[in-house]
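Coordinate analysis (summary)
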Amino acid sequence: MRIKISMAALALCAAALTAAPARAADLKDCTARALAYSPAVKAYERQLASAQAAADRDGKARLPRLSASADDGYSAYSAASGLEDGLTGTLGLQLDWDLPKALSGYQRLADLETRKSRLLLETARRTLARDVAKDYYRLHILAAKKADYDGARSYFTSHIADIEELGDRGVDVKLDLLRAGMQLRALGVAEAAIETDLRAALLSLNSATGGGFREGDFAFADIPAPARAAAPAGAAADAPETRLSALDQASAEEAYRQSGYFYAPALAFGVNKAVTPIDPATERSRAFLSLSLPVFDFGQHAADRRALREDAEYRRQLALEERRRLEVSIRTLTAGMDNAAAACADAGAGLADADKALGTAGEYYRQGKIRETDLLSVFADYLAAKEQARDALGDYLDKKADLDYYAEGL
């Protein structure tokens, strides 16, 4: 049997084989996936929908309520009464109006709760974005450290080859080989710890995004270069925590204001009509108007108002304290970012010098100008400089994620 393959099929196969690999994931991709996946964000979205429905319900609670009633029955009388047995029935309409709710703007509390729910949703999104950024930045630093240790292992493998070459020349290198082997094993232990931390960071990122990211899925091309922090003016005033405290204060003040309308009476108006009266003395129809006021609750209500007034003042002072602490926190964070950026610059300069020193030391050792202990000392300085540079960048990025939480909306 002969199999025919069209040119179009061949072209598709060739295109599939030569297609470029999928684009590496970046922080924006991770954040978008986390926002779409997060159960917490979905929960706050449902809470907002519930609060909006409650606000709609409370808005309608200000309107009068009309109720209708109808009843019928069969009445039997004694012969001495002179009345005939038969059906009796009445119809009724009643209009009730809760004046305290109507006059106080009852739905305003529910409107404030809706605003709080919307703010809690925004806070959940910001918090998630910050946490994803921290995981992403931490993953970058750990991947860089892993690459550093891979490079160090390669260096020592090459160094051992240099030692063996000196041994071939008749130099006693037994101790040098032992030291190099010890250093190589120590690097393996440190690298294993880095690998453990890297897996933990990847697991945390995958847990937040609901994805199956692997270590090689990130190019980290979007890592920002260290720079001086630029917290916008008014960041503390616009921070979610400050706005939430302000809404709590507004809710407490609104509850106190509305409590003053307790003294307004409830109003009821109704009409009743007898449909089939048997007794001539039965009332044919009746209209009524009533006002009700819980007089004996005045003392309790006065105490409630005092409690609400104190709660409003408590919320006001708490909002002031929250903002004060937040301003200090943001200023401290900004200063910390500046220090971290400066540390990155210093560590970068030191790393360049350490790299040159390591290259020179390796050449001197091969020429027999320095001992192996001197080379190990230079290498230890080089590795420490690398570690310092990575840690300085990690500290800067971690603080940047915190500052972005306050400075940027989603």
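Cut-off values and rules
Residues numbered from 1 in each chain as written. Predicted model: local features only at pLDDT ≥ 70, side-chain atom pairs only at ≥ 80, totals over all residues. Heavy atoms only, no water. Buried < 20%, exposed > 50% of the residue type's maximum accessible area, 1.4 Å probe, protein only. Helix = DSSP H or I, 4+ residues; strand = E, 2+ residues; numbered from the N terminus. Pairing = 2+ DSSP bridges. Axes fitted to C-alpha atoms, helices over the stretch in contact; angles between N-to-C directions. Parallel < 35°, antiparallel > 145°, perpendicular 65-115°, else oblique. Left-handed = near helix turned anticlockwise from the far one by under 90°. Contact = heavy atoms within 4.5 Å. pLDDT = per-residue confidence, 0-100. Arc of directions from axis to C-beta. Polar contact = N/O pair within 3.5 Å; in protein donor to acceptor, adjacent residues only side chain to side chain. Nonpolar A, V, L, I, M, F, W, Y, C, P; charged D, E, K, R; others polar. Patch = residues over 30% accessible without salt bridge, like charges linked within 9 Å, V, L, I, M, F, W, Y side chains within 5 Å. Areas by Shrake-Rupley, 256 points an atom, 1.4 Å probe, with all protein chains shown as cover. Salt bridge = Lys/Arg side-chain N within 4 Å of Asp/Glu carboxyl O.

1. Focus: the pairing of strand E1 (residues 65-75)
Summarising burial for E1: 1 of the 11 residues are buried, a small minority. Relative to strand E2 (residues 86-97), E1 is paired through 11 bridges, and the arrangement is antiparallel. When the sheet's bridge partners are listed, serine 75 is paired in E2 with glycine 86.

2. Focus on the environment of alanine 307
With respect to the helices and strands, the residue alanine 307 is situated in helix H9 (residues 298-367). Assessed through its relative accessible area of 48%, alanine 307 is described here as partly exposed. Counting along the chain gives 36 residues from alanine 307 to alanine 343, while the straight-line C-alpha distance between them is 53 Å.

3. Considering the pairing of strand E3 (residues 266-274)
In terms of strand pairing, E2 meets E3 through 8 bridges, oriented antiparallel. Residue threonine 90 lies in a different strand from E3, and its bridge partner there is alanine 274. Of the strand pairs in this sheet, E3 and strand E4 (residues 285-292) are connected by 8 bridges, and their pairing is antiparallel. Pairing of alanine 266 across the sheet is with serine 292, part of E4.

4. Quick look at the packing of helix H8 (residues 240-259) against H9
The geometry of H8 relative to H9 is characterised by a closest axis approach of 8 Å and an angle of 165 degrees between their N-to-C directions. It follows from the interaxial angle that H8 and H9 lie roughly antiparallel. Judged by the twist between their axes, the crossing of H8 over H9 is left-handed. Between H8, through Glu241, Thr242, Ser245, Asp248, Gln249, Ala252, Glu253, Ala255, Tyr256 and Ser259, and H9, the contact on the second element is made entirely by His301, Arg305, Leu308, Arg309, Asp311, Ala312, Arg315, Arg316, Ala319, Glu322, Arg323 and Leu326.

5. As for the sheet that holds E1
In spatial order, the strands read E1-E2-E3-E4; together these 4 strands make up an open sheet with antiparallel pairing. Only two strands of the sheet have a single neighbouring strand rather than two, namely E1 and E4. Neighbour-to-neighbour, the strand axes of the sheet open up by a mean angle of 15 degrees, direction not taken into account.

6. Side note on the confidence of the model for the protein
Close reading of the predicted structure is inappropriate where its pLDDT is low. Summing up the model confidence of the protein, the mean pLDDT is 83 and the portion of residues at 70 or higher is 90%. Summarising per-element confidence for the protein, the mean pLDDT is lowest in helix H1 (residues 7-18) (40) and highest in helix H2 (residues 27-37) (94).

7. Digging into H2
Regarding H2, the residues found buried are Leu27, Cys30, Thr31 and Ala34. The arc enclosing the buried residues of H2, seen along the axis, measures out at 95 degrees, which places them on a common side. In H2, those exposed residues whose orientation departs by more than 90 degrees from the buried face are Lys28 and Ala36. Capping the start of H2 is the job of one residue whose side-chain oxygen sits 3.3 Å from the backbone nitrogen of lysine 28: aspartate 26.

8. Observations concerning the packing of H2 against helix H6 (residues 174-209)
For the pair H2 and H6, interaxial distance at closest approach is 7 Å and the crossing angle is 50 degrees. When the axes of H2 and H6 are compared, the pair comes out oblique. Listed contacts from H6 to Cys30, Arg33, Ala34 and Tyr37 of H2 are Leu205, Ser207, Ala208 and Thr209. Considered class by class, the residues forming the contact of H2 with H6 number 5 nonpolar, 2 polar and 1 charged.

9. Observations regarding a nonpolar patch on the surface
Together, Leu66, Leu93, Leu95, Phe269, Val271 and Leu289 give the surface a local cluster of nonpolar side chains, amounting to about 570 Å² of exposed area. Mapped onto the nonpolar patch, the elements with two or more residues apiece are E2 and E3. Here leucine 66 is to be found in strand E1. On the basis of relative accessibility, which here comes to 62%, the residue leucine 66 falls in the exposed class.

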